[in-house]
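# Structure assessment
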Amino acid sequence: MDLERFKELHAYFSQKDLPREALESAEYNAYSDAMHENEDCYNWATTEKLKKKGFDYQNYCCLMMADNVDSSLDDNGEIRYGAVDVIINKWDEGLFGIPIHDGGTSMVLINYCPWCGEKLKK
Ligand SMILES: [Zn+2]
């Protein structure tokens, strides 16, 4: 799928409360596949989402890191400790870590981005 077609589909499928038929359509499957498999589509959609939220994505090594750090925060910008869908944490001191979901606050500190491999700045 080319990016222009993806943008058209995104305008429709990114709305809230779509009817079930829309989410079961072949077009939705194609849109969803492009989001996950086409880097241009993923980058465009993720940039749009982070821009809209006012998230400072340009200060991250890559969009995957920016998107996952954004997902780790609540509406007040605080880390969602204990949320099992959080896979990366970033602290104000510039430290990054992978939370261990064992009910405590343990994490594995990391020095390199797990997605792009860049050394993480402190
Ligand atoms: Zn990265």
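Data block above holds the structure.
Residues numbered from 1 in each chain as written. Predicted model: local features only at pLDDT ≥ 70, side-chain atom pairs only at ≥ 80, totals over all residues.

## A few points about the overall build of the chain
Summing up its helical and strand segments, the chain has five helices and three strands in all. Counted from the first residue to the last, the chain has its helices and strands arranged as α-α-α-α-α-β-β-β. In terms of principal-axis extent, the alpha carbons of the chain reach across some 45 × 30 × 25 Å. Considering the chain as a whole, with its 122 residues, one finds that 13% of them fall into the buried category. Put simply, 26% of the contacts in the chain that link residues at least 6 apart link residues at least 24 apart. (Helix = DSSP H or I, 4+ residues; strand = E, 2+ residues; numbered from the N terminus. Buried ≥ 20, exposed ≤ 12 C-beta atoms within 10 Å, placed from the backbone. Contact = placed C-beta atoms within 7 Å.)

## Some thoughts on the environment of Ile98
Along the polypeptide, Ile98 turns up in strand β2 (residues 96-99). With 96 residues separating them in the primary sequence, Ile98 and Asp2 have C-alpha atoms 34 Å apart.

## Section: unusual backbone geometry
Excluding glycine, a negative phi dihedral is what most residues carry, and trans is how most peptide bonds are arranged. In this structure, Asp17 takes a positive phi of about 55° despite not being glycine. Mapped onto the secondary structure, Asp17 falls in the loop between α1 (3-13) and α2 (20-23).

## Quick word on helix α5 (residues 63-71)
Side chains three or four residues apart in an α-helix point the same way, a direct result of the helix having 3.6 residues per turn. Listed as buried for α5 are Leu63, Met65, Ala66, Asp67, Asn68 and Val69. Tucked into the core, α5 has its buried residues touching α4 (39-53) and β1 (89-90).

## A word on the nonpolar core
Counting residues in hydrophobic clusters, the biggest one holds seven residues: Tyr60, Leu63, Met65, Ala66, Val69, Ile88 and Phe96. If one sorts the elements of this core by residue count, α5 sits on top with four residues. Every residue in contact with Tyr60, bar those within four places of it in the chain, is listed here: Met65, Ala66 and Val69. Formed by five residues, the second largest nonpolar core is a distinct cluster that contains Phe6, Ala34, Cys41 and Ala45. (Core = buried A, V, L, I, M, F, W, Y, C linked by C-beta atoms within 7 Å.)

## Concerning the pairing of β2
In this sheet, β2 lies alongside β1 in antiparallel orientation, the contact comprising two bridges. Bridging across to β2, Asn89 finds its partner in Gly97. Taken together, β1 and the strand that follows it, β2, pair antiparallel across an intervening segment of five residues, in which Gly94 is found at a positive phi of about 90°. Two elements, β2 and strand β3 (residues 107-110), share four bridges in a ladder whose sense is antiparallel. In the strand pairing of β3, Ile98 is matched with Val108. (Pairing = 2+ DSSP bridges.)

## Notes on the sheet that holds β3
Ordered in space as β1-β2-β3, the three strands form an open sheet in which the pairing is antiparallel. Two strands bound the open sheet, and with one partner strand each, they are β1 and β3.

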